[in-house]
Amino acid sequence: MKTINLLVILSIISVASIVGCKKDNFSEKSGICPLVLSTKPADGEVNVFLNQDITIVFNDKMDPATITDESILISDGSPVSGTIAYNDSTVTFTPSSALEINTTYIGTVKTSVKNLTGNALQEDYIWTFSTGSSIMPVVIATSPVNNKTNVPMDKTVTAKFNIPMDPLTINTSTFTLTEGGNLVAGTIYYSGTTAFFDPNVDLLPSTMYTATITTGATSTTTFPLENDYVWTFTTYSSILPPPIDLGTVEDFGIISGVGVSNDAGASEIHDMNVGIYPGPRSSITGFFDVDGGPGLIFNGDFFGADDPAPVPAMLLQAKDDLTDAYLAAEGMTSPAPVTVAGDIGGQTLAPGIYKSTSTLLVQNGNLTLDAQGDPNAFWVFQIASDFTTVGGSPYPSPAGGNIILTGGAQAKNVFWQVGSSATIGDYTSFSGNILALTSVTMNAYSQAVGRMLCSNGSVTLTSTNFIFKP
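Remember, predicted model here, so these are calculated numbers, not experimental data. (Residues numbered from 1 in each chain as written. Predicted model: local features only at pLDDT ≥ 70, side-chain atom pairs only at ≥ 80, totals over all residues. Heavy atoms only, no water.)

Chemist: Just to check I follow, could you spell out the overall build of the protein for this structure?
Modeler: Helix and strand content of the protein: 3 helices and 40 strands. With the C-alpha coordinates of the protein rotated into their principal frame, the extents come out at 90 × 45 × 45 Å. Taking as baseline every contact in the protein between residues at least 6 positions apart, the subset at least 24 positions apart corresponds to 61%. With an accessible surface of roughly 20400 Å², the protein has 54% of that area assigned to carbon and sulfur atoms. Charge centroids of the protein, computed over 17 positive and 41 negative side chains, lie 10 Å from each other. (Helix = DSSP H or I, 4+ residues; strand = E, 2+ residues; numbered from the N terminus. Contact = heavy atoms within 4.5 Å. Areas by Shrake-Rupley, 256 points an atom, 1.4 Å probe, with all protein chains shown as cover. Lys, Arg positive; Asp, Glu negative; His and termini not counted. Charge placed at Lys NZ, Arg CZ, Asp CG, Glu CD.)

Chemist: Even after reading the chapter, I still don't get the sheet that holds strand β1 (residues 36–40), so can you show me in this structure?
Modeler: Two strands in a sheet stick together by hydrogen bonds in their backbones, pointing the same way (parallel) or opposite ways (antiparallel). With antiparallel pairing, the 4 strands of this open sheet are ordered in space as β1-β3-β6-β5. Here the strands that pair on one side only, and so sit at the sheet edges, are β1 and β5 (82–87). For this sheet, the mean angle separating the axes of adjacent strands, direction not counted, is 15°. Examined bridge by bridge, strand β3 (residues 54–58) and strand β6 (residues 90–95) share 4 bridges and lie antiparallel to one another. Note on β6: the bridge partner recorded for Ile 54 is Phe 93. (Pairing = 2+ DSSP bridges. Axes fitted to C-alpha atoms, helices over the stretch in contact; angles between N-to-C directions.)

Chemist: Explanation requested: empty space enclosed by the protein in the structure shown.
Modeler: The rolling of a water-molecule-sized probe over the atoms marks out the regions of remaining empty space. Counting across every chain of the model gives 1 cavity of 30 Å³ or more. Considering only enclosed or pocket space, the largest cavity measures out at about 140 Å³ in volume. Sorting the residues of the lining of the largest cavity by element identifies β9 (139–143), β11 (157–161) and β15 (194–199) as the ones contributing at least two each. Here the element with the most residues in the lining of the largest cavity is β11; it accounts for 3 residues. When its residues are assigned to classes, the lining of the largest cavity shows 4 nonpolar, 7 polar and 5 charged. (1 Å grid on protein atoms, 1.4 Å probe; cavity = no way out; pocket = protein on both sides within 12 Å on 5 of 7 lines; lining within 4 Å. Points joined across faces, edges and corners; volume = space filled by probe spheres on them. Nonpolar A, V, L, I, M, F, W, Y, C, P; charged D, E, K, R; others polar.)

Chemist: Got a minute to help me understand the nonpolar core in this structure?
Modeler: The nonpolar side chains of a soluble globular protein tend to be buried, and buried together. Residues Trp 379, Phe 381, Trp 416, Ile 434 and Met 452 are the most contacted members of the largest nonpolar core, which totals 42 residues. If we skip the residues at most four places from it in the chain, Met 452 touches Gly 253, Ile 254, Ile 255, Ile 424, Phe 430, Ile 434, Val 440, Met 442, Val 459 and Ile 467. (Core = buried A, V, L, I, M, F, W, Y, C linked by side-chain atoms within 4.5 Å. Buried < 20%, exposed > 50% of the residue type's maximum accessible area, 1.4 Å probe, protein only.)

Chemist: Explanation requested: the packing of aromatic side chains in the structure shown.
Modeler: The geometry of an aromatic ring pair is captured by two quantities: the separation of the ring centres and the angle between the planes. The tally for this structure, following the rule as stated, stands at 19 aromatic pairs. Judged by centre distance (5.0 Å) and plane angle (90°), the ring pair of Phe 49 and Phe 223 falls under edge-to-face. Of this pair, Phe 49 sits in the loop between β2 (45–48) and β3 while Phe 223 is found in the loop between β16 (208–213) and β17 (229–235), placing the two residues 174 residues apart along the sequence. Consider the rings of Phe 161 and Tyr 190, whose centres lie 6.5 Å apart with planes at 55°: the pair is tilted. Of this pair, Phe 161 sits in strand β11 while Tyr 190 sits in strand β14 (residues 186–191); the two residues are 29 residues apart in sequence, bridging distant segments of the chain. When sorted by exposure, Phe 161 lands in the same class as Tyr 190, which is buried. (Phe/Tyr/Trp six-rings, centres within 6.5 Å; stacked < 30°, edge-to-face > 60°.)

Chemist: Hey, could you run me through a negative patch on the surface in this one?
Modeler: Among the surface-exposed residues, Asp 154, Asp 202, Asp 245, Asp 320 and Asp 324 lie close enough to one another that they form a single negatively charged patch. The topology assignment puts Asp 245 in the loop between β17 and β18 (252–256). (Patch = residues over 30% accessible without salt bridge, like charges linked within 9 Å, V, L, I, M, F, W, Y side chains within 5 Å. Salt bridge = Lys/Arg side-chain N within 4 Å of Asp/Glu carboxyl O.)

Chemist: Would you explain the side chain of Thr 212 in this entry?
Modeler: Here Thr 212 is to be found in strand β16. In contact with Thr 212, not counting residues within four places along its chain, are Thr 174, Phe 175, Thr 176, Asp 228, Tyr 229, Val 230 and Trp 231.

Chemist: Please clarify how the environment of Ala 266 should be interpreted in this entry.
Modeler: Tracing the backbone shows Ala 266 in the loop between β19 (259–262) and β20 (268–270). In the structure, Ala 266 is positioned 113 residues away from Trp 379 in sequence and 31 Å away in space, judged by C-alpha atoms. The residues contacting Ala 266, other than those within four sequence positions of it, are Pro 294, Thr 464 and Phe 466.

Chemist: Help me understand the pairing of β15 in this model?
Modeler: Burial of β15 is extensive: 5 of the 6 residues sit out of reach of the surface. Where β11 and β15 come together, 4 bridges link them in antiparallel fashion. What sits directly across from Thr 158, in β15, is Phe 196. In terms of strand pairing, β14 meets β15 through 6 bridges, oriented antiparallel. Along β15, the bridge assignment pairs Tyr 190 with Ala 195. What sits between β14 and β15 in their antiparallel hairpin is a turn of 2 residues, with Gly 192 showing a positive phi close to 65°.

Chemist: Mind showing me how you'd approach the layout of surface pockets here?
Modeler: In this structure, the second largest pocket occupies an estimated 350 Å³ of space. Along its surface, the second largest pocket is lined by 19 residues, and Asn 51, Asp 53, Met 136, Val 138 and Glu 226 are the ones closest to its centre. Classifying every residue of the lining of the second largest pocket gives 9 nonpolar, 6 polar and 4 charged.

Chemist: Explanation requested: the sheet that holds strand β8 (residues 125–131) in the structure shown.
Modeler: The 4 strands are arranged β2-β8-β7-β4 in an open sheet whose pairing can be described as mixed. Each having just a single partner strand, β2 and β4 (72–75) make up the two edges of the open sheet. Mean inter-strand twist for the sheet, computed between neighbouring axes without regard to direction, equals 25°. Examined bridge by bridge, strand β7 (residues 104–109) and β8 share 6 bridges and lie antiparallel to one another. Note that in β8 the partner of Tyr 105 across the bridge is Phe 129.

Chemist: Just to check I follow, could you spell out the pattern of salt bridges for this structure?
Modeler: Once their charged atoms are close, side chains differing in charge can pair, the charge on each being opposite to the other. Here the structure, examined in full by the defined rule, presents 6 salt bridges. A salt bridge links Lys 61 to Asp 88; the nearest nitrogen and oxygen atoms lie 3.9 Å apart. Taken together, the positions of Lys 61 in the loop between β3 and β4 and Asp 88 in the loop between β5 and β6 put the pair 27 residues apart, joining distant regions of the chain. Since its relative accessible area comes to 47%, Lys 61 is described here as partly exposed.

Chemist: Help me understand unusual backbone geometry, please; the structure alone is not making it clear to me.
Modeler: Put simply, Lys 40 and Pro 41 share a cis peptide bond, and its omega is 0°. Considering the arrangement of structural elements, one finds Pro 41 in the loop between β1 and β2. A cis geometry characterises the amide bond from Ala 309 onward to Pro 310, with omega recorded as 10°. Tracing the backbone shows Pro 310 in the loop between β24 (302–304) and α3 (311–331). At Thr 222, a residue that is not glycine, the phi angle is positive and equals roughly 75°.

All we've got here are geometric facts, nothing functional implied.
Quick look at the structure:
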């Protein structure tokens, strides 16, 4: 399709308004003819990014029912699959996968597209564009997520990119945090594909903050973000000190001393990081982002002690915070600890501190933690030796071994201080934060809402395990 300049477009719109437009399936003329005002990529554009969304802007509000994968087509000889979104007068086509390198595409808007008064596009709109070989940098995940509420006041704000960025362009000018238009002071660092903003002081309670990554942030191939990326979040309404302060280790779903492995299956970690210290990055195995293994991480990143600065210092701080949390849990005496022993499966426990002077087991039935309507209720389990849950197929284990939360209980308020090693049983559902001195193992197909935090040894995912942020 020929490029239409603004004067020509205005002329056509003016004429269409006076003369009218043939309605779909009718002979009379009434209203304004729908027109395509612009596309992105534009007609004839070259070196288009491989992950470019395709937009079409009309001169009028359109009938969403006519915006379909039959009326909006992108093709390189074969139709490109994707999703179509419509907002006001703009259509956005998002390909299901990256476009092909150095390929010419044809875009088509069919005459079946109509505006809200039933007037149809008078002829198919066709344009072409060609890709290059580059990928446009985009922010693919943030923590906190957009519009998140009840965010902790000591939160480190992060943004994860789809490709490596130039660290020199991730700075106080391109990554900002504001409150009511006022800049928040903080330290910014970048590692892997994640940018971090660590406020110098705790955030204010019950306050909305706006985080921004500007187009000054560029990839290692010097391409900038297409637009500023902006998201907001709101902190807790009041300062309620947690029973155990995890500090910076709160950002980790897994942290260990010498090894993290995913032995088999497509295990997943959601909304948290994986770290190892003092072990090297090479001791993290079985994950796609690290060595091509089947394990996956979503809205998180991997960190090793031999990563470039300032990662080692960040990991050391997280491990120090883990040690502090472990000692705090171990030493809690208020409310008065209740002694437990052996297998506590089948029991229902009210909030409080539970102390075992030896090993502890959850096997003969599920362990239920009842908050009795208090969302701030907490449980601290002080376990002198090993902690084990035992279950069996299918998930969640019908044989017992699951940790069940009820009465408003929250997994983030459950702490398992383990003096030796923790093992999460086959097919069991687990809740809470494990603070283990030696090692943590998740047996086959077990899932957790919580954290697997280990001071000295390894964390092992045995087969197809899932960890979700509490």
